[in-house]
Amino acid sequence: MKVIAITPLIAGIASATPFFFQPTVEPALLRRHITRSGLLKHVYKLQEFADADEKGNRGFGGTGHKKTVDYIVKWFKQWPQYYKVETQDFVHEYSAGSSELKVEGEVVDSKFFTYSPSGVLTEELVPAANLGCDASDFPAETTGKIALISRGTCEFGLKVALAGAAGAKGAIIYNNAAGELSGTLGAPSRPQGPYVPTTGISQEDGQSLLTDLQAGPVLATLNVDAVLENRTTTNVLATTRGGDQKNIVQLGGHTDSIVGAGINDDGSGVIAQLEVAKYLTKYKVNNAVRFSFWTAEEFGLVGSEYYIANLPKAEQDKIRLYLNFDMIASPNYMFGIYDGDGSGFNLTGPAGSDKIEYLFEKYYKSVGEKSVPTEFSGRSDYGPFLDVGIAAGGLFTGAEGIKTPEEAKMFGGKAGEWYDPNYHQKGDSFKNVNMKAFYVNTGAVAHSVATYAKSLKGFPKRDPSAPVKKRQTVEDELHALEHGHTKEVHSCGHKLPSL
Ligand SMILES: *[C@@H]1O[C@H](CO)[C@@H](O)[C@H](O)[C@H]1NC(C)=O
Ligand SMILES: *[C@@H]1O[C@H](CO)[C@@H](O)[C@H](O)[C@H]1NC(C)=O
């Protein structure tokens, strides 16, 4: 027994990083290592991977994403004595494509929806009643035609499946706010009905089609060209060998982009982790730290859901908390903290989620910055952790939401504009990061990791028998609607416009 206990210590002393003699991690010490130039090196790397990709992105299943994953694995393998690196491969349905829409011979700007099938058709438009969230919203005339549906309240995928069930041959979804509309049907298929070729258009174009329809039939030609195939993809997990393995501090961000290089979304969360992980190796941790790099978040939290679904309960119970960093360097940023105590949005998490919010609030104060709560909806990779009762928190500098005048006073930038004007667009490139926000927030990542790696004193213990509150599902939302709560479900906090 003794020999077995001593061997790792000898190995530790012999290694380049003998954590045996290392100082215990301290928030102020770990933060001091972070530099803007350190962050930028990775920014250019991720851009390079996207540029070399045939589609110019780092979408899951493509070469840009594969290179990102390889880069992360190689990074952690620099410290084999310090980190145990695991990769988790699995298969998921990949989708990509383009769409073209012509109405009465004139081109209308349109966008592809992930998981839409291919198809070319010319048919009349039939508007769905209400928001197309219920089978009865699709009139009998929908059969054989193209359904015209407003965005809002329920998932795009449900609207399209219901249109398919009503016999529609195609679907056009128009935005319910300014700007173009693209998104995902959320799942490769649905029980409510078959998907039909689908495209997204602006609110303005949608309104103008509705006006045209009042004057008589409107003929549209829809051409959706899509690839749908199974692809293997990978999560990466790197856990410190040191520290209490029964009290794990886990953090994560996602490795895939959707349209462009995805440098803010979510290169920023990946890069912050890489830099913090590098400097953490100089210190001893009392609690184990696990860095996580999720694949296919843009396809609906696929990587993080796979991880939790395949993690035995006894292993889940060792995770004390999970910190999520998804979009932490938006050009027109706010310093947003997930509202774990529910004071801002009335959605709370497992015990401890509030403490994480307070830790970040204190951090921002300590560096002379203001902060605001953002909705704790579970609509990013922390959602699957909440589902199994793990306390969570994290940061978000904003996506397609609009900065308020009050926020412009607090953070600078432009009121009335998106926090990230290049959200889910080609322009999310190496130029699409606010370096101040990136630097301050990477400091916040270091601060939170160091705080909890050093001590979880005062942080609520996991109670594996506590009842867990599942995230709201679309069905819950519909139930709420039926009961007269008409509050619009919106996607702030999670950036994917899946609703
Ligand atoms: C992907 O694999 C699953 C499971 O084998 C299968 O049901 C599905 O049809 C496949 N999808 C495609 C697009 O081949
Ligand atoms: C907060 O949510 C709870 C449970 O969902 C609800 O009962 C309560 O009325 C809500 N409070 C506010 C202020 O909206």
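A quick note: this is a predicted structure, and the numbers were derived from the prediction, not measured.

## Quick look at the pattern of salt bridges
A complete count under the given rule lists 10 salt bridges for this structure. The salt bridge partner of E180 is K111, with a shortest N-O separation of 3.8 Å. In this pair, E180 is assigned in the loop between strand 6 (170-174) and strand 7 (183-184) and K111 in strand 3 (residues 111-114), connecting sequence segments 69 residues apart. Note on K111: relative accessible area 32%, which makes it partly exposed.

## Quick notes on empty space enclosed by the protein
The final tally for this structure, using the stated rule, is one cavity of 30 Å³ or more. Looking at the largest cavity, its volume works out to about 40 Å³. In this structure, the largest cavity is lined by S257, I258, V259, G260, G262, D265, E298, H424, Q425 and D428. Class assignment of the residues belonging to the lining of the largest cavity gives a composition of two nonpolar, five polar and three charged.

## Remarks on the site of ligand 1
If you check the shell around ligand 1, you find E93, L228, E229 and N230 and nothing else. Within the side chain of E93, a nitrogen or oxygen atom sits 2.6 Å from a nitrogen atom of ligand 1. One of the side-chain nitrogen or oxygen atoms of N230 is found 2.3 Å away from an oxygen atom of ligand 1. Among the elements that take part in the shell around ligand 1, strand 9 (residues 219-240) stands out by supplying three residues, more than any other.

## Side note on the packing of aromatic side chains
What the rule picks out here adds up to 31 aromatic pairs. Where Y82 meets Y83, the ring centres are 4.9 Å apart and the plane angle is 70 degrees; that geometry is what we call edge-to-face. Given the relative accessible area of 3%, Y82 is considered buried. Ring centres of W294 and F385 lie 5.9 Å apart, and the angle between their planes is 55 degrees; on these two criteria the pair is classed as tilted. Placement of W294 in strand 11 (residues 287-294) and of F385 in helix 11 (residues 383-387) is noted, with a sequence separation of 91 residues between them.

## Digging into the packing of helix 7 (residues 263-280) against helix 13 (residues 435-454)
The contact between helix 7 and helix 13 brings their axes to 9 Å, and the two run at 50 degrees. The angle between the axes of helix 7 and helix 13 places the two elements in the oblique class. Between helix 7 and helix 13 lies a crossing whose hand is right-handed. Where helix 7 abuts helix 13, its residues S268, I271, A272, V276 and L280 lie against F438, T442, V445, A446 and V449.

## Section: the state of the cysteines
Joining two cysteines, a disulfide is a covalent bond between their sulfur atoms. Using the criterion set out here, one finds one disulfide in the structure. Note on cysteine connectivity: C133 is disulfide-linked to C154, with sulfurs 2.1 Å apart. A torsion of -95 degrees about the S-S bond marks the disulfide between C133 and C154 as left-handed. Pair noted here: C133 is in the loop between strand 4 (119-127) and strand 5 (146-150) and C154 is in the loop between strand 5 and helix 5 (156-165), with a separation of 21 residues, a long-range link. Summarising the burial analysis for this pair, C133 and C154 share the class buried.

Calculation rules
Residues numbered from 1 in each chain as written. Chains lettered and ligands numbered in written order. Predicted model: local features only at pLDDT ≥ 70, side-chain atom pairs only at ≥ 80, totals over all residues. Heavy atoms only, no water. Salt bridge = Lys/Arg side-chain N within 4 Å of Asp/Glu carboxyl O. Helix = DSSP H or I, 4+ residues; strand = E, 2+ residues; numbered from the N terminus. Buried < 20%, exposed > 50% of the residue type's maximum accessible area, 1.4 Å probe, protein only. 1 Å grid on protein atoms, 1.4 Å probe; cavity = no way out; pocket = protein on both sides within 12 Å on 5 of 7 lines; lining within 4 Å. Points joined across faces, edges and corners; volume = space filled by probe spheres on them. Nonpolar A, V, L, I, M, F, W, Y, C, P; charged D, E, K, R; others polar. Near = heavy atom within 4 Å. Polar contact = N/O pair within 3.5 Å; in protein donor to acceptor, adjacent residues only side chain to side chain. Phe/Tyr/Trp six-rings, centres within 6.5 Å; stacked < 30°, edge-to-face > 60°. Axes fitted to C-alpha atoms, helices over the stretch in contact; angles between N-to-C directions. Parallel < 35°, antiparallel > 145°, perpendicular 65-115°, else oblique. Left-handed = near helix turned anticlockwise from the far one by under 90°. Contact = heavy atoms within 4.5 Å. Disulfide = S-S within 2.5 Å.

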